[in-house]
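Overview (structure and organization)
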Amino acid sequence: MADLEIDNNGAENAIRPFVLGRKNWLFSTSVKGVESSANLHSLIETAKANGLEPYTYLRYVFTELPKAETVEAIEALLPTNIDMDQIRSS
């Protein structure tokens, strides 16, 4: 039987950076800007949750994304499909 935590501090700490940015988005002047910001934050937090260092991951994705020509190639760049060893070897 697995040990379970009696609190949700891990989950709260994981979403804290996103929640702190929420006040900044209240005064955004465009819907596209808010959507782009939310997508980027979601990508960063997903990378963190998958054990990736966000800056290194984003640098890797932004260099590899122009080379992706299929949906499968783009999906292969998602944080759930990459590990740090793959990023380091490129």
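1. Some thoughts on the overall build of the protein
What the protein contains, in helices and strands, is 5 helices and 0 strands. Moving toward the C terminus, one meets the helices and strands of the protein in the order α-α-α-α-α. Taking 2.2 N^0.38 as the reference for a compact globule, 90 residues should give roughly 12 Å; the C-alpha atoms of the protein span a radius of gyration of 16 Å, well beyond that estimate. Seen along its three principal axes, the alpha-carbon backbone of the protein occupies a region of about 50 × 45 × 20 Å. For the protein, with 90 residues in total, the buried portion stands at 21%.

2. Quick look at helix α3 (residues 54-64)
Among all positions in α3, only P54, T56, Y57, L58, Y60 and V61 are buried. Where α3 is buried, its residues touch α2 (31-49) and α5 (84-88).

3. So, α2
A turn of α-helix holds 3.6 residues, and therefore any two residues three or four places apart point the same way. In a regular helix each residue adds 1.5 Å, so 19 residues correspond to 27 Å; α2 covers 27 Å between its end C-alpha atoms and thus fits that length. Phi for G51, located one or two positions after α2, is positive at around 75 degrees.

4. Observations regarding the pattern of salt bridges
Taken as a whole and judged by the stated rule, the model has 3 salt bridges. The shortest N-O distance in the salt bridge between E64 and K67 comes to 3.3 Å. When its relative accessible area of 55% is taken as the criterion, K67 is described as exposed. The residue D85 makes a salt bridge to R88 at a minimum N-O spacing of 3.3 Å. Note that D85 and R88 are positioned in helix α5 at a spacing of 3 residues, about one turn of the helix. Classification of D85 by relative accessible area gives exposed; the value is 53%.

Definitions and cut-offs
- Residues numbered from 1 in each chain as written.
- Predicted model: local features only at pLDDT ≥ 70, side-chain atom pairs only at ≥ 80, totals over all residues.
- Heavy atoms only, no water.
- Helix = DSSP H or I, 4+ residues; strand = E, 2+ residues; numbered from the N terminus.
- Rg over C-alpha atoms; globule rule 2.2 N^0.38 Å.
- Buried < 20%, exposed > 50% of the residue type's maximum accessible area, 1.4 Å probe, protein only.
- Contact = heavy atoms within 4.5 Å.
- Expected span 1.5 Å × (residues − 1).
- Salt bridge = Lys/Arg side-chain N within 4 Å of Asp/Glu carboxyl O.

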